[in-house]
Structures are given as C-alpha cells and as structure tokens.
Amino acid sequence: MINLSKATYDIRSGAITGKDSEIARAQRTISNTLGMYANTEGLDQATLDRLNYRVEVLKVDEIEGGLQFGTSYLYPGTINGEYFMTKGHYHAISNRSEFYLCLKGEGLLVLMDRDRRWWTEKVLPNSLHYIPGDVAHRLINTSDEILTVLACWNSDAGHDYASIEEEGFSVRYFKVDGKPTPVEQG
Ligand code: M6P
Ligand code: ZN
C-alpha cells in the first residue's frame, strides 16, 4: 500500500511531485512511436530524436477498486503532415473507464468503439472527458504548445495496445492548410 502524504499535484503544470519511488515516469521519442504514423519516409535524425510524449503516473497498487492518476505531456509537431499523437489503447480489462482533464494546449481526443465507429472531442484548457469502457482513446496535439492532460482511471484497467497496433484507429488527423483534417482509414 502506498502512502501519498507527500505527493502534490500542480494543477497549472500537471507536475506530480513526491517520493521518486512512488512516481513512474516514461517518455517516448518519435523513433519509439514510428509504427503508428502513416508515412515515416525521409525523417531526419533530429526528428527521430524529438520527444513525442511523456507521462508521469503515481505508482499505486493495480487492484480492482483502485484508481490510477497521471499526467500526459504530448508535444507539438507533425510527421509528414500527421499530428503528433499518443499510441492510444483500449483497456486490457475492457469495461474499465477513465477521465481526462485538459490543463494546457489544444487538441483532439479520438475515440473509437469496438465496431470501429469513431468520434472526437475537442480538448482545450479545462475540458473534461469521460471515456467509457470498450472505447479506444488517443490524444492528438493540434496546437503549437505541449498538450497537458490529467488522467484518472481504474488501476486494474491495464493497456491493450496490441489491438491498436494490429488494426489502427479508423481515422487519422493531418494538418491541411493549417487545419486538422480527418482521413478515414476504414
Ligand atoms: C494517460 C492515461 C495512461 C496512458 C497515457 C499515455 O495518462 O490514459 O493510461 O498510458 O495517457 O497514453 P498511451 O498509453 O495511449 O500512450
Ligand atoms: Zn486508458
């Protein structure tokens, strides 16, 4: 059981502070996430080395009835016109749900059900998003600043990345004439 008596959360920046042993930090560069972009031809080393996103999560017990709490920082940019995005996932225990709350930046939350029907919610400061079970979710940064999003979810939910890696989302978003433009993938 973890004791969070020293943990703090900065609602402006999203930063979680506390004992290092109680906070998991992970980051993904573009070279770590290449597989999820439509076209990765011609990328130079500087682009491959750029941060795509990083996450901070409190290390709580992953038990039924528990809650996880974390922040995602999604960097701005495009890969051959496609906006930077998170990997996206269903939950391994598929009926588990989640809240997202945007602190800073602007983007889209792409949602997709098991029948591959997709829809989006506009993400902007203070927007609150409820992600029901059985719905895959991915953040897309359409702004020029870091998109910072607080997330809270069932701690036993887990991440099913494989379904997304195999089938992808049924929509991608590209910057066309400066505007987010959906391209359906079927
Ligand atoms: C949010 C939560 C986490 C997730 C993270 C990054 O903080 O949904 O569970 O890990 O975003 O998203 P992804 O795992 O899809 O890369
Ligand atoms: Zn999730």
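For the structure, check the block above.
This report concerns the structure included in the present document. (Residues numbered from 1 in each chain as written. Chains lettered and ligands numbered in written order. Predicted model: local features only at pLDDT ≥ 70, side-chain atom pairs only at ≥ 80, totals over all residues. Heavy atoms only, no water.)

Another aspect to go through is a nonpolar patch on the surface. A contiguous nonpolar surface patch, about 330 Å² in accessible area, is contributed by Phe99, Leu128 and Tyr130. On the secondary structure map, Tyr130 appears in strand 11 (residues 128-131). Of the residues examined, Tyr130 reaches a relative accessible area of 45% and is grouped as partly exposed. (Patch = residues over 30% accessible without salt bridge, like charges linked within 9 Å, V, L, I, M, F, W, Y side chains within 5 Å. Areas by Shrake-Rupley, 256 points an atom, 1.4 Å probe, with all protein chains shown as cover. Salt bridge = Lys/Arg side-chain N within 4 Å of Asp/Glu carboxyl O. Helix = DSSP H or I, 4+ residues; strand = E, 2+ residues; numbered from the N terminus. Buried < 20%, exposed > 50% of the residue type's maximum accessible area, 1.4 Å probe, protein only.)

The next point concerns the packing of aromatic side chains. Enumeration according to the criterion identifies 3 aromatic pairs in this entry. Ring plane angle 85 degrees and centroid distance 6.4 Å describe the contact between Trp118 and Tyr173, whose orientation is recorded as edge-to-face. Placement of the pair is Trp118 in strand 10 (residues 118-123) and Tyr173 in strand 14 (residues 171-176), with a sequence separation of 55 residues. Here Arg28 stacks its cationic end above the ring of Tyr161, 5.8 Å away from the centre of that ring. Note that Arg114 overlies the ring of Tyr90, its terminal NZ or CZ placed 3.6 Å from the centroid. (Phe/Tyr/Trp six-rings, centres within 6.5 Å; stacked < 30°, edge-to-face > 60°. Lys NZ or Arg CZ within 6 Å of the ring centre and 35° of its normal.)

Bound to the zinc ion (ligand 2) are the protein donor atoms His89 (NE2), His91 (NE2), Glu98 (OE) and His137 (NE2), situated 2.0 to 2.2 Å from the metal. Taken together, the 4 donor atoms coordinating the zinc ion (ligand 2) and their angles of 86 to 158 degrees define a geometry best described as irregular. What makes His91 buried here is its relative accessible area of 3%. (Donors = N, O, S within 2.8 Å, 3.2 Å for Na, K, Ca; no water. Tetrahedral: all angles 85-135°; square planar, octahedral: opposite > 155°, others 65-115°.)

Bringing the state of the cysteines into the picture now. Counting across every chain of the model gives 0 disulfides. Sulfur of Cys102: no disulfide; nearest cysteine sulfur belongs to Cys152 and is 16 Å away. Look at Cys152 and you get partly exposed, because its relative accessible area is 22%. (Disulfide = S-S within 2.5 Å.)

Attention now goes to the site of ligand 1. Among the 14 residues in the neighbourhood of ligand 1, the closest are listed as Tyr53, Gly88, Glu98, His159 and Tyr161. Tyr53 has a polar side-chain atom sitting 2.3 Å from an oxygen atom of ligand 1. One of the side-chain N or O atoms of Glu98 is found 2.6 Å from an oxygen atom in ligand 1. Considering ligand 1 on its own, with 370 Å² of exposed area, one finds that the protein chains cover 95% of that surface. Within the residue set of the shell around ligand 1, elements represented by two or more residues are strand 4 (51-58), strand 8 (98-104) and strand 13 (147-154). For the shell around ligand 1, a count of residues per class yields 6 nonpolar, 5 polar and 3 charged. (Near = heavy atom within 4 Å. Polar contact = N/O pair within 3.5 Å; in protein donor to acceptor, adjacent residues only side chain to side chain. Nonpolar A, V, L, I, M, F, W, Y, C, P; charged D, E, K, R; others polar.)

Ordered in space as 3-4-5-13-8-11, the 6 strands form an open sheet in which the pairing is antiparallel. The open sheet terminates on both sides in strands that have one partner only, identified here as strand 3 (23-29) and strand 11. Neighbour-to-neighbour, the strand axes of this sheet turn through a mean angle of 20 degrees, independent of strand direction. Pairing between strand 8 and strand 13: 6 bridges, direction antiparallel. Along strand 13, the bridge assignment pairs Lys104 with Thr148. (Pairing = 2+ DSSP bridges. Axes fitted to C-alpha atoms, helices over the stretch in contact; angles between N-to-C directions.)

These values are about where atoms sit, not about what they do.
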